[in-house]
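Analysis of the macromolecular model
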Amino acid sequence: MKIRQLCVPAIVLAVLVLLSGMVWAQEEIKVGAVQPITGRFAFAGVNINAGLEDALMMANEDGGINGKKIKYIMEDGQYQLDVAIAAFKRIMTRDNPLVMYGESTGLGKAMSPDIKDRLKILYSSTSFSSELANPADNPFIFVPGPTYADMFGVLLKYIAKENPKAKVAFFYSDTEFGKDPIEAARVMTKKLGLELVAEEVAQVGAVDVTSQVLDLKRKNPDFVIFQGFVVAPITSVIKQCRDFGMKTQFMGTFWGASKMVLENLGPVAEGYLAVNPYMYWWNDDVPMIKKIKAYTAKTHPKVTYRDNSYMQGFMTGLIFIECMKRADKAGQLNGLGLVKALESLKDFDSGGLSAPFTNKDNKFPVARVWKANVEKQIFEPASDWMTVE
Amino acid sequence: MRCGDLKESYLEDEKIFQSLFVKICLGIFFVVLLIVPFVAGPYVLYIMNLIGFSIIAAVGLNLLTGFTGQISLGHAAFVGVGGYTTAILVTRLGFPFWVALPCAGFVSAGMGLIIGIPSLRVKGLYLCIATLAAQFILEFVFVHWESMTKGIRGINVPPPRIGSFEFNTEKSYYFITFILVILVVGFARNLVRTKWGRAFLAIRDRDLSAEIIGINLFRYKLAAFAISSFFAGIAGGLWVGFIKVVTPEHFPFSLSIQYLAMVIVGGMGSILGSIFGAIFMTLTPELLNMLVGSSKEMFPGLDQFFIPLKDIIFGGLIVGFLVFEPHGLAEIWHRIKTFFTLWPFSY
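Just so you know, these numbers come straight off a predicted model, no measurement behind them.

Observations regarding a nonpolar patch on the surface
Residue and element names in this part refer to chain B. Judged by side-chain polarity, Leu272, Trp333, Ile336, Phe339, Phe340 and Trp343 come together as a nonpolar surface patch covering roughly 610 Å² of accessible area. Inspection of the secondary structure puts tryptophan 343 in the segment after α15 (329-341). Under the relative-accessibility criterion, tryptophan 343 is labelled partly exposed at 46%.

Thoughts on the packing of helix α4 (residues 75-92) of chain B against helix α12 (residues 253-266) of chain B
Residue and element names in this part refer to chain B. Close contact between α4 and α12 brings their axes to 7 Å; oriented N to C, the two are set at 110°. By the angle between their axes, α4 is roughly perpendicular relative to α12. Contacts between α4 and α12 pair His75, Ala76, Ala77 and Val79 from the former with Leu255, Ser256 and Tyr259 from the latter. Within the contact of α4 with α12, the residues separate by chemical class into 5 nonpolar, 2 polar and no charged.

Description of the confidence of the model for chain B
In regions of low pLDDT, the predicted coordinates are not meant to be interpreted in detail. On average, chain B scores 88 in pLDDT, and the residues at 70 or more come to 96%. Interface predicted TM-score (ipTM) for the complex: 0.71; the corresponding pTM is 0.80.

A look at the interface of chain B and chain A
Interface size, as often reported, equals the accessible area lost upon joining of the parts. In this complex, chain B contributes 31 residues to the contact, which on the side of chain A involves 26 residues. In total, chain B and chain A occlude about 2,600 Å² of area from one another, counting both sides; carbon and sulfur atoms represent 51% of this. A per-residue breakdown of the area chain B buries against chain A is headed by B:Tyr43, B:Ile152 and B:Arg153, which together make up 22% of the total. Across the chain B-chain A interface, the total number found is 5 salt bridges. Between B:Glu170 and A:Arg118 there is a salt bridge, and its shortest N-O distance comes to 3.4 Å. Taken together, the links from chain B to chain A amount to 7 residue pairs in polar contact (both at pLDDT 80 or more). At the level of secondary structure, the elements contributing two or more residues to the side of chain B that touches chain A comprise α3 (42-67), α6 (124-144), α11 (217-243), α13 (271-298) and α14 (303-324) of chain B. In the side of chain B that touches chain A, the residues fall into 13 nonpolar, 8 polar and 10 charged.

So, the side chain of B:Ser256
Checked against the element boundaries, B:Ser256 lands in helix α12. A distance of 2.7 Å separates polar atoms of two side chains, one belonging to B:Ser256 and the other to B:Gln135.

With respect to the confidence of the model for chain A
The predicted model of chain A has a mean per-residue pLDDT of 88, with 93% of residues at 70 or higher. Here residues 15-26 of chain A is modelled with pLDDT under 50, and outside its nearest four sequence neighbours on either side it reaches 0 contacts, counting other chains as well.

Some thoughts on the domain arrangement of chain A
Residue and element names in this part refer to chain A. According to the domain assignment, chain A consists of domain 1 (30-146 + 285-358) and domain 2 (148-276 + 369-387). Just the C-alpha atoms count here: the centres of domain 1 and domain 2 sit 28 Å apart. Listed per partner, the contact involves 19 residues of domain 1 and 14 residues of domain 2. Summing the contributions of domain 1 and of domain 2, the shared interface buries around 1,400 Å²; its carbon and sulfur component is 65%. The interface formed by domain 1 and domain 2 holds 1 salt bridge in total. For the salt bridge of lysine 109 with glutamate 176, the shortest nitrogen-to-oxygen distance reads 3.0 Å. Connecting domain 1 to domain 2 are 8 residue pairs in polar contact (both at pLDDT 80 or more). Those elements giving two or more residues to the side of domain 1 that touches domain 2 turn out to be α2 (42-61), α4 (105-119) and α12 (308-329). Counted by class, the side of domain 1 that touches domain 2 contains 8 nonpolar, 8 polar and 3 charged residues.

Side note on the packing of α3(B) against α12(B)
All names here are of chain B. Two elements in contact, α3 and α12, have axes whose closest approach is 9 Å; the angle formed by their N-to-C orientations is 75°. The pairing of α3 with α12 is recorded here as roughly perpendicular in orientation. The residues of α12 that touch α3, namely those facing Ser54, Ala57, Ala58, Leu61, Asn62 and Thr65, are Tyr259, Leu260, Met262 and Val263. Of the residues assigned to the contact of α3 with α12, the class counts are 7 nonpolar, 3 polar and no charged.

Some points on the packing of aromatic side chains
Residues and elements named next belong to chain B. This model, assessed by the stated rule, comprises 50 aromatic pairs over all chains. When the centroid spacing of 4.6 Å and the interplanar angle of 25° are considered together, the rings of tyrosine 84 and phenylalanine 142 count as stacked. Residue tyrosine 84 is located in helix α4, and its partner phenylalanine 142 is located in helix α6; the two are separated by 58 residues in the primary sequence. Summarising the burial analysis for this pair, tyrosine 84 and phenylalanine 142 share the class buried.

Each value, and the rule that gives it
Residues numbered from 1 in each chain as written. Chains lettered and ligands numbered in written order. Predicted model: local features only at pLDDT ≥ 70, side-chain atom pairs only at ≥ 80, totals over all residues. Heavy atoms only, no water. Patch = residues over 30% accessible without salt bridge, like charges linked within 9 Å, V, L, I, M, F, W, Y side chains within 5 Å. Areas by Shrake-Rupley, 256 points an atom, 1.4 Å probe, with all protein chains shown as cover. Salt bridge = Lys/Arg side-chain N within 4 Å of Asp/Glu carboxyl O. Helix = DSSP H or I, 4+ residues; strand = E, 2+ residues; numbered from the N terminus. Buried < 20%, exposed > 50% of the residue type's maximum accessible area, 1.4 Å probe, protein only. Axes fitted to C-alpha atoms, helices over the stretch in contact; angles between N-to-C directions. Parallel < 35°, antiparallel > 145°, perpendicular 65-115°, else oblique. Contact = heavy atoms within 4.5 Å. Nonpolar A, V, L, I, M, F, W, Y, C, P; charged D, E, K, R; others polar. pLDDT = per-residue confidence, 0-100. Buried area = accessible area lost by both parts, 1.4 Å probe. Polar contact = N/O pair within 3.5 Å; in protein donor to acceptor, adjacent residues only side chain to side chain. Domains from an automatic or database assignment. Phe/Tyr/Trp six-rings, centres within 6.5 Å; stacked < 30°, edge-to-face > 60°.

In structure tokens form, the structure reads like this:
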């Protein structure tokens with residue numbers, strides 16, 4: 001008898017707890033992410049994850065999406081396609097989020113048909129690949145900045161302004177990431193009246209780059225643009241070219257605009273230029289950077305620096321939040337509503353983290369060129385914000 | 001409860017289904033497998049499909065490595081050849097998937113024949129390196145034969161279809177995988193108890209003796225390579241039809257190692273072992289992922305620490321298995337089975 005007496009209140013309590021959980025769950029908007037926390041892209045993945053999470057959590061502190069809280073669900077994809085797809089499907093099945101973030105170009109391409117036809121969720125990723133900014137093929141996927149091809153466009157425009165008859169060379173890796181913008185860059189070089197004198201290909205992390213450097217020496221370009229590397233072999237190429245007494249100016253795209261590259265280059269970074277669509281941690285005059293720093297000091301007191309990949313994750317978070325706010329206001333907080341909101345982004349103010357963002361074909365083709373300051377080991381603006389048409 | 005079974009001939013000893021009880025168990029197991037897609041979600045079915053592809057590839061590699069004793073470090077490349085053949089035949093020549101898939105098997109088998117030729121001259125570690133070269137050569141071809149493979153961008157493949165029905169969900173695809181796994185496993189299980197299978201075993205145990213007792217090394221070694229690659233090709237074609245895109249990055253060297261690990265962890269020279277190995281190697285990381293996921297809830301902010309930990313646990317598990325059961329999961333299964341054969345009245 002005693003047990004039965006206890007049972008009834010216990011069941012009532014359990015039901016109440018469950019119900020309250022359900023009510024609570026309705027107030028939540030879920031954002032899922034498959035991040036490369038381990039594996040060879042982990043150096044950036046950890047930062048990107050922190051950036052995205054911080055942006056969403058800061059929005060929660062400011063009242064969430066018109067009062068609704070955001071829940072961030074992250075799983076490790078290890079930068080391996082099968083693992084990443086599994087994590088993606090796990091999150092979709094278990095949590096059914098409205099917005100997803102992916103760890104690689106490959107994941108985006110593999111999930112693209114599903115996202116378009118079945119899942120209908122807003123999707124962005126760590127990738128700046130031009131293939132993922134194609135609203136005709138997939139309106140749900142966007143790139144949170146310029147694509148690699150756009151970054152080349154910004155650099156080439158900068159070169160054309162500095163020296164209209166410059167000789168240019170591309171130095172890229174034999175990977176998808178390396179080759180992504182090359183075709184478009186060739187066309188752009190021609191259009192701008194620049195002369196493309198060499199294209200060198202090396203493996204990521206290559207140790208011996210002598211033959212490429214000798215070829216560069218023979219063709220003597222005024223500018224060399226790196227694409228598709230993280231650190232090696234950029235350092236050895238620049239060092240060897242300097243040893244030959246070449247005056248060439250070296251440039252990099254987004255991953256070459258990280259502080260890590262400067263630290264690795266050391267004194268040879270003199271004159272190194274890179275393109276980056278976001279402001280840096282040390283740009284203290286930017287309101288959003290101030291906010292990020294204050295938030296980091298509060299939540300991660302040990303962290304003293306966040307690299308540009310953090311800013312990429314953060315910016316993606318800001319775009320997600322803005323789209324969700326707009327869709328919610330329109331009473332259409334679903335995939336199609338989010339796409340409409342994404343399309344409507346015009347001169348979106350990110351608190352100075354970048355130039356005002358205007359959606360053009362599901363990307364934001366604006367960036368600026370930065371110049372290395374060897375002494376302070378930072379990048380300083382070398383140009384104003386430039387938009388690629 | 002069984003208390004032993006009487007066998008009167010060697011033929012009975014070689015039977016796949018030793019008793020009615022086994023047949024019933026297997027029947028129930030198949031029925032469960034057929035019910036699963038109607039109750040499980042897309043994530044579970046995705047994993048089951050992956051396990052299916054892995055089983056096909058691992059059974060293939062086990063025929064070569066476990067049964068014939070020829071270590072191959074290029075299995076992923078053969079899977080890639082199958083994947084690319086399917087993609088190219090379907091997109092360029094408009095072949096239906098059902099025709100392209102066996103073609104992929106045959107093209108892979110042909111490639112396996114070529115790569116297998118050095119096996120007549122080189123053995124052991126040397127063959128390992130020769131097959132490793134195949135892995136890198138084929139990977140290079142996938143990347144650089146752009147007119148055919150579209151390079152690193154890869155090829156988008158439409159899902160298989162019958163009439164107007166498209167197999168574009170995990171659930172519908174599950175049935176294709178299921179049938180092919182049964183066919184492949186059934187074929188392999190039968191192959192190893194034929195003349196060919198015995199020839200493979202003889203070559204593995206001592207190739208010189210095998211040749212002396214009249215086994216044509218040239219023929220059987222190459223046959224092992226061809227059959228193994230055929231299965232790899234089928235696995236590749238299936239994988240491509242499933243995820244609807246193929247790029248060179250799907251078939252890295254690490255995948256070859258993973259297949260080898262499946263064969264070793266599962267049990268070399270055991271078809272059942274390959275199945276266990278494939279399940280173990282696919283499922284364990286996923287389970288660890290879930291474990292890490294739940295630990296995240298309990299210890300927020302510590303995921304940077306927990307996530308890399310799962311790789312260490314996974315590695316530790318593999319080493320543990322090899323130390324405590326060098327004959328692999330198949331042997332553990334065998335022990336469990338024999339324990340229950342006489343249970344509860346064991347000696």
